[in-house]
Amino acid sequence: MTEGMNNGGDPLVILFIEDDPAHAEITMRNFKKNRIFNKVIHLWDGQQALDYLFRQGEYEDPEKSPVPDLILMDLRLPKVDGLEVLAKIRAVESLKNIPTVILSTSYNEADVAKAYEYNVNSYLVKPLDYDKFSNLLEAFGFYWVNWNRYPHSN
Amino acid sequence: MQSNSRKADQVLALNREIELLRTENESLKNLLRNNEQRLQGIFNDVAIGVLEVDSNERIISMNDRCCQILGFTREELLTKTIKDITWPEDRALSNDLNSRLHFGEFETFNYEKRYIRKDGSPLWVHVTVSAVRNSKHEHIASVGTIEDISSRRLYMDALKESEKNLKTRNEELTRFIYTVSHDLKSPLVTIKSFINFLMEDIQKDDKQSQERDIQYIHAAADRMGKLLDELLELSRIGRKEKPKSKAEMGSIINEAIEMVAGMIKEKNIRVNITGPKVMLYGYTERLIQLYQNLLDNAAKFMDGKPEQVIEAGAFKNEQNNEVVLFVRDNGKGIDPRHHHKIFGLFEKMDNNTEGTGIGLALVKRIVEVHGGSIWFRSEGTGKGTTFYFTLDGSEIIN
């Protein structure tokens, strides 16, 4: 099996939701450096993420807006926060199995508990130190893109 | 003869005895009357109300204290049943307990309930009810003793209320600390990462990327500075303020308009002050800041239609006589899905607008230190928004 593919043989589609442009750039630069991403779709807030996942408005076309294989999402987002997005997709049959990873700026026990209640697959906290942040993103890429196996996408 | 004189002696002795018994009886009667009067006095003057009802819960007797507690006269009470004087919400419980007493499940019970006083107000009491039964053990009456516990209830309610407030405050504080730590950490992550990118780009001699890196570092440092300033500002509200004073709403709004004049002119927005004249009472500087932030917020979320209007005014809420102030705009409105986040600290509804998202958190805090509350209504996107708030001591003056 080729690395970075889902079980249908297509390249992985990763939905990346991050409102801070600087943090988005840090993440994307690291992904590029590690050459791990086939297709990353970057959205800016929770509402956009819901519109995408529920195919609303500009995201109507399934060709242009494919169901993601993996979601990487910040927690504190404008309009609709990450936990709400998580709760909403977990409540829908067609979306509830999408592996979802939270990448939060800070550690808050209540948020972590809530996230796992909504069946988050992994909860990561951005380290302050750049080397550690970089290591985390590299490990994330290896694990979720190279090693993890995905169900057939629809 | 002898027998005759003996008989006479016997009669005399009998008479003496009768006389003695009569005196004794008289003094016993006196004692009884005395005791009865004392009992009646005690019955009427005790701090506890006593009420007797028949087996159908019709009131048949009571003491003076009972009349005092309930505010009814004796005659009025004698026409009523327990149900008549029981607060509607407590009738089911009262019914249940009394019928179980009636059928002999127990001989006495006590509980806390509300009566209805003559003026219609509820009165909290502690009641102990005992059954009176005849020789066949049939329930013929009940006697209740009634203790007015309204002041204790009042304290309890006040205590509960303040406990609830404390809990809310505590939750707010926890959320506040979390938000602050989160929002201050975020630019630091940016700064540390872009310093590394900058070093890499220096090694690669990539001038263009170097400039970009430096811009990110600058922006993040500026943002941190701004967040810290605003937090300080937020924490100062209600502390070390100049004394509260009266100020007319219109003049406060006009001063606030001055402070946002730039944006209002640039976006060609009309601001109208409408409704009755209102005298506000509070920290004048803060009240200006409150209106400034509401105007700023309204101006920020205008959608560019030809007639852009902000209306500020007041009206009296007829239900509770409170003066309600409002700031209304015909701008973008607020999506109902985002309503719960509006007053949150550093919450931004739109990434593309300026500011850190402290404005409405500041507004809420100012309203709170003036003993008021704030809410808003928006029919949804494109339909404009109205913020309503109250401030302690505001009065309509014409």
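Residues numbered from 1 in each chain as written. Chains lettered and ligands numbered in written order. Predicted model: local features only at pLDDT ≥ 70, side-chain atom pairs only at ≥ 80, totals over all residues. Heavy atoms only, no water.

Brief notes about the packing of aromatic side chains
The tally for this structure, following the rule as stated, stands at 16 aromatic pairs over all chains. Taking 6.0 Å as the distance between ring centres and 75° as the angle between the ring planes, the aromatic pair formed by phenylalanine 343 of chain B and phenylalanine 387 of chain B counts as edge-to-face. You can see phenylalanine 343 of chain B sitting in the loop between strand S10 (322–329) and helix H10 (359–369) and its partner phenylalanine 387 of chain B sitting in strand S12 (residues 385–389), a full 44 residues away along the chain. Judged by centre distance (5.8 Å) and plane angle (15°), the rings of tryptophan 375 of chain B and tyrosine 388 of chain B are stacked. Placement of the pair is tryptophan 375 of chain B in strand S11 (residues 374–377) and tyrosine 388 of chain B in strand S12, with a sequence separation of 13 residues. Its relative accessible area of 35% is what places tryptophan 375 of chain B among the partly exposed residues. The exposure class of tyrosine 388 of chain B is buried, given its relative accessible area of 11%. By way of ring pairs, the aromatic residues Tyr130 of chain A together with Phe194, Phe197 and Tyr216 of chain B are connected into one cluster. (Phe/Tyr/Trp six-rings, centres within 6.5 Å; stacked < 30°, edge-to-face > 60°. Helix = DSSP H or I, 4+ residues; strand = E, 2+ residues; numbered from the N terminus. Buried < 20%, exposed > 50% of the residue type's maximum accessible area, 1.4 Å probe, protein only.)

Quick word on the interface of chain A and chain B
On the side of chain B, 29 residues touch chain A, which itself brings 34 residues to the contact. For the pair chain A and chain B, the summed buried area comes to about 2,700 Å², and 48% of that belongs to carbon and sulfur atoms. Summed over the three residues of chain A that lose the most area to chain B, namely Arg76, Lys79 and Leu128 of chain A, the buried surface amounts to 28% of that side. For the pair chain A and chain B, the number of links is 5 salt bridges. Between aspartate 201 of chain B and arginine 29 of chain A there is a salt bridge, with its nearest N and O atoms 3.0 Å apart. Counting every contact that joins chain A to chain B gives 12 residue pairs in polar contact (both at pLDDT 80 or more). Among the secondary structure elements, those contributing two or more residues to the side of chain A that touches chain B are helix H1 (21–33) and helix H5 (130–147) of chain A. At 8 residues, the largest contribution of residues to the side of chain A that touches chain B is made by H1 of chain A. Each residue belonging to the side of chain A that touches chain B can be placed in one class, and the counts come to 14 nonpolar, 7 polar and 13 charged. (Contact = heavy atoms within 4.5 Å. Buried area = accessible area lost by both parts, 1.4 Å probe. Salt bridge = Lys/Arg side-chain N within 4 Å of Asp/Glu carboxyl O. Polar contact = N/O pair within 3.5 Å; in protein donor to acceptor, adjacent residues only side chain to side chain. Nonpolar A, V, L, I, M, F, W, Y, C, P; charged D, E, K, R; others polar.)

Describing helix H9 (residues 284–300) of chain B
Residue and element names in this part refer to chain B. For H9, which comprises 17 residues, the first-to-last C-alpha distance of 24 Å matches the rise-based estimate of 24 Å (1.5 Å per residue) to within 8%. Burial analysis of H9 places 12 of its 17 residues in the buried class, the great majority of the element. Those residues of H9 that fall on the buried side of the exposure criterion are Arg286, Leu287, Ile288, Gln289, Leu290, Tyr291, Asn293, Leu294, Leu295, Asn297, Ala298 and Ala299. (Expected span 1.5 Å × (residues − 1).)

Considering the layout of surface pockets
Approximately 1,300 Å³ is the volume attributed to the largest pocket. Contributing to the lining of the largest pocket are 36 residues, with Glu172, Arg175, Phe176, Thr179 and Leu345 of chain B lying nearest its centre. Contributions of two or more residues to the lining of the largest pocket are made by helix H3 (82–90) and helix H4 (109–117) of chain A together with helix H5 (150–203), helix H6 (207–236) and H10 of chain B. The biggest single contributor to the lining of the largest pocket is H5 of chain B, with 10 residues. In terms of residue class, the lining of the largest pocket is built from 13 nonpolar, 8 polar and 15 charged. (1 Å grid on protein atoms, 1.4 Å probe; cavity = no way out; pocket = protein on both sides within 12 Å on 5 of 7 lines; lining within 4 Å. Points joined across faces, edges and corners; volume = space filled by probe spheres on them.)

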